[in-house]
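# Observations on the three-dimensional arrangement
Here is how the chains run, residue by residue.
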Amino acid sequence: MKLQKTIRNGLAWAGVLFGAAMPLVAAKWLPLGPYGGDARSIVADPHDSQHLFMGTLTGWIYESADGGGTWKRLSQVGKRDDLVLDHILVDPLDSKHMTIGAWVIDRPDGGLFESHDGGASWDVQAEMRGQSVRALASAPSDPKIMVAGTLKGVYRTQDAGVHWQLISPEGSIEIHEVESIAIDPVDPKIIYAGTWHLPWKTVDGGVTWTNIKQGIIDDSDVFSIIVDPHAPQTVYASACSGIYKSTDAGAKFAKVQGIPATARRTRKLAQDPLHPETVFAGTTQGLYRTVTSGTNWSRLTGPEVIINDVYIDPKNSNHVLLATDRGGVLASQDGGVSFQSSNTGFSARQVTSFASDPQKAGTIYVGVVNDKDSGGVFMSADGGMVWKQESNALNGRDVFSLATANDGTLLAGTEHGIFRLDAGAWAQSGTLSVPLPTKDSAPTVAGKAAPAVRQNKAKAQKIGPARKVAVKAKAPPPPPATLDATVYALATVEGAIYAGTSRGLLKGNEDGRMWTAVMGAPIPEPRLVAGQKSIVMVADLRHIAVSADKAVSWNAVALPETLTQVATIAVDEMGSLWVGGREGLFYSTDNGMSWKTQRNLYTTQVTGIYFDAAGHRILVSSNGNTLTFAAHLPDYKVSFWDSGWELRFVRPVGDHLVGATLYDGIVVQPVMAEPKVADSK
């Protein structure tokens, strides 16, 4: 009861934070962390430096009303999760009018998007549809003029974004792949464009262009250009070869000293608006600052910080924010001398795994990938309201799977073995009782030599005395080895722990300290493991195998006829097998001899199936829609919720559910959101 009260109080608080006054049933699930992830850009409302907007790697725009102290989701640009939002412009004449440049990581796609309601909704700009927009700037002297850099060249609008036209030579073999743009603070016809191969300049609005490369190492990618608003002849440019400064409007550049070669990929330059001699350089290995107009530089953060953007409060230079990879937003109140995480309300984590503590109600864990030292494992003691990172000694490893032993011991499966959480720190736990067999070694059954090995031994006994002399005494067994393999799945079944790895299926003892290879399993690299009672089920993308006797003997099971690829599996309390994938959800009540579809639960792109023993139900999540389903056992009655999110998986915690989104962390079900019941007809 204490946990449920805590959860209700937390959800009420979250409703206030996220403006979530929602009716029953229609209530959307609330995003509540783990906080952090990839932040790409930060910009302020020109009329209120405490009113900030943040762009992300997944199309989301976040908003802060307190200078970045807390954040809330505002909208998802284009309703897409693949847009990288590196540039946001807020119109100083009308702060409700916003323009965003977007690009896509793995292909030449993106666009310009406009909002006229403060970022709540967005429309694509038709003339720039599909353009990979890598740079965007507005003219300080005339905000109706904006310039965009794309993979095709330089574009400009002179009517606040209504129309755009190419102002660099069409089809130019030089002025393309434009990564940075700067506009002279006085004359908007003077434009600087940094490409993936040196910078360019026009003084006549794009009629003619000049390559301004004197002093810059050839073929330098130019990531950022800034023009001193107080002295427009002073121009800074950052490139893969270092930071350069010009005092003659780009006629020639000189490389600044003080930043080591290992940090030369400077993604963002930012000048203090109150102290122009102070310039920040956000690099791929930390934040640097000069207070002497580039003569001397000092590093203010550790080298592990990858910086995408730097925001300096125009009314308070001590207030500095960094948008970083993996670590989200870092905030400083002392001009960059020290930074603290400032991510409350912002979550862009890729959650891959979940575990709960059987001895502590409400204590749950999630594993994340792609966040290195900022990721690993996060723990919540209140059912998902507040999260704490628990990644000490994981050393930046991705976590693909989690499980808790019966005694509450937490295990994590990584790309390099199994780890065990002890006294707040992780240690390698995959000690093997015997070395794993190699792919070329003969199989063993129940610890005895297989027939091929016995046959060779018999032949060896016929060898003459001279050959026998060379036979040495049997060497002692080697010391226990440590598993170094990718651990895709961990599952606790009847006290035993099973691990699906790139080296086969392993079985661990009750606390996960010792592991042995499970012999005879017909799937050499199981990606999925599930089980109940004596049944263990394993699968890879195209095969399923089932054991009814605690992994002693195995049967290969044919996939459902229409299923092309396995995404998720489960076993329920009645011994029924469940499998899901792109074509939908299927279950078998006869050990896989035949498969059925669940009545009133018709969904495709199934991403998660989980047997909730306490609720006597199967929980199902899928991509392509925001519905979460429950098939109650043994009557198979179906109910569902609209979570408002596409989910990887769903798990029960107390009297509510939590779900893992695709890229945006964990969402928590409001307790008041009752399910709908599917029509039984």
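For the structure, check the block above.
Let me sum up the structure you'll find in this document. What you see is a predicted model, and the numbers here were worked out from it, not measured in a lab.

### Details of the overall build of the chain
Within the chain, the regular secondary structure consists of three helices and 60 strands. Per-residue burial for the chain yields a buried fraction of 55% across its 681 residues. Pairs at least 24 apart in sequence give 45% of the contacts found in the chain among residues at least 6 apart. Surface accessibility of the chain: about 29500 Å² in total, with carbon and sulfur atoms responsible for 53%.

### What to know about the sheet that holds strand E51 (residues 577-581)
Strand order in the open sheet formed by three strands is E50-E51-E52, with antiparallel pairing between adjacent strands. For this open sheet the edge positions go to strand E50 (566-571) and strand E52 (584-588), each flanked by a neighbour on one side alone. Each strand axis lies, on average, 20 degrees off the axis of its neighbour in the sheet, ignoring direction. Pairing geometry for E50 and E51, over five bridges, is antiparallel. Paired with Thr568 across the two strands is Gly580, which belongs to E51.

### Description of the environment of Leu411
Among the secondary structure elements, Leu411 is positioned in strand E35 (residues 410-414). Sequence-wise, Leu411 and Arg513 are 102 residues apart; in three dimensions their C-alpha atoms are separated by 9.6 Å.

### Thoughts on the pattern of salt bridges
Overall, the coordinates contain 21 salt bridges when judged by the stated rule. Across the salt bridge formed by Asp511 and Arg420, the nearest N and O atoms sit 3.9 Å from each other. Separated by 91 residues along the polypeptide, Asp511 in the loop between strand E44 (504-508) and strand E45 (514-517) and Arg420 in strand E36 (residues 417-422) bring together distant segments of the chain. For the pair Asp511 and Arg420, one class covers both residues: buried.

### Considerations on the side chain of Ser238
Mapped onto the fold, Ser238 is located in strand E19 (residues 235-239). Ignoring sequence-local partners within four residues, the contact set of Ser238 consists of Asp221, Val222, Phe223, Ser224, Ile243, Thr266 and Leu269.

### Some remarks on the pairing of strand E56 (residues 637-642)
Here strand E55 (residues 627-632) pairs with E56 via six bridges, running antiparallel. Looking at the pairing, Phe629 lines up with Phe640 of E56. Remark: four residues form the turn of the hairpin made by E55 and E56, two consecutive strands paired antiparallel; Tyr636 in that turn has positive phi of roughly 60 degrees.

### Concerning the pairing of strand E53 (residues 606-612)
Moving residue by residue along a regular strand, the side chains alternate between the two faces of the sheet. Buried residues dominate E53, accounting for five of its seven residues. The pairing of E53 with strand E54 (residues 617-622) spans six bridges and is classified as antiparallel. Residue Phe611 lies in a different strand from E54, and its bridge partner there is Ile618. Between E53 and E54, which pair antiparallel in sequence order, lie four residues; one of them, His616, sits at a positive phi of approximately 50 degrees.

### Here we look at unusual backbone geometry
Residue Pro34 is reached from Gly33 by a cis peptide bond, and omega for that bond is -5 degrees. Along the polypeptide, Pro34 turns up in the loop between strand E1 (30-31) and strand E2 (39-45). A cis amide bond, omega 10 degrees, links Leu633 with the succeeding residue Pro634. Topologically, Pro634 is positioned in the loop between E55 and E56. With a phi close to 60 degrees, Asn591 is a non-glycine residue in the positive phi region. With respect to the helices and strands, Asn591 occurs in the loop between E52 and E53.

### With respect to the environment of Gly286
Locating Gly286 in the fold gives a position in strand E24 (residues 286-290). Accessibility expressed as a relative area gives 0% for Gly286, which makes it buried. In this structure, the C-alpha to C-alpha distance between Gly286 and Ile306, residues 20 residues apart in sequence, is 6.0 Å.

### Re the packing of aromatic side chains
Here the structure, examined in full by the defined rule, presents seven aromatic pairs. Taking 4.9 Å as the distance between ring centres and 85 degrees as the angle between the ring planes, the aromatic pair formed by Tyr62 and Phe346 counts as edge-to-face. Of this pair, Tyr62 sits in strand E4 (residues 60-64) while Phe346 sits in the loop between strand E29 (340-341) and strand E30 (350-356), and the two are 284 residues apart along the sequence. For the pair formed by Tyr62 and Phe346, the shared burial category is buried. Here the aromatic cluster, defined as three or more aromatic residues joined through ring pairs, consists of Trp578, Tyr587 and Tyr636. Over the aromatic face of Tyr488 sits the side chain of Arg527, whose NZ or CZ is 4.1 Å from the ring centroid.

What counts, and at which threshold
Residues numbered from 1 in each chain as written. Predicted model: local features only at pLDDT ≥ 70, side-chain atom pairs only at ≥ 80, totals over all residues. Heavy atoms only, no water. Helix = DSSP H or I, 4+ residues; strand = E, 2+ residues; numbered from the N terminus. Buried < 20%, exposed > 50% of the residue type's maximum accessible area, 1.4 Å probe, protein only. Contact = heavy atoms within 4.5 Å. Areas by Shrake-Rupley, 256 points an atom, 1.4 Å probe, with all protein chains shown as cover. Pairing = 2+ DSSP bridges. Axes fitted to C-alpha atoms, helices over the stretch in contact; angles between N-to-C directions. Salt bridge = Lys/Arg side-chain N within 4 Å of Asp/Glu carboxyl O. Phe/Tyr/Trp six-rings, centres within 6.5 Å; stacked < 30°, edge-to-face > 60°. Lys NZ or Arg CZ within 6 Å of the ring centre and 35° of its normal.

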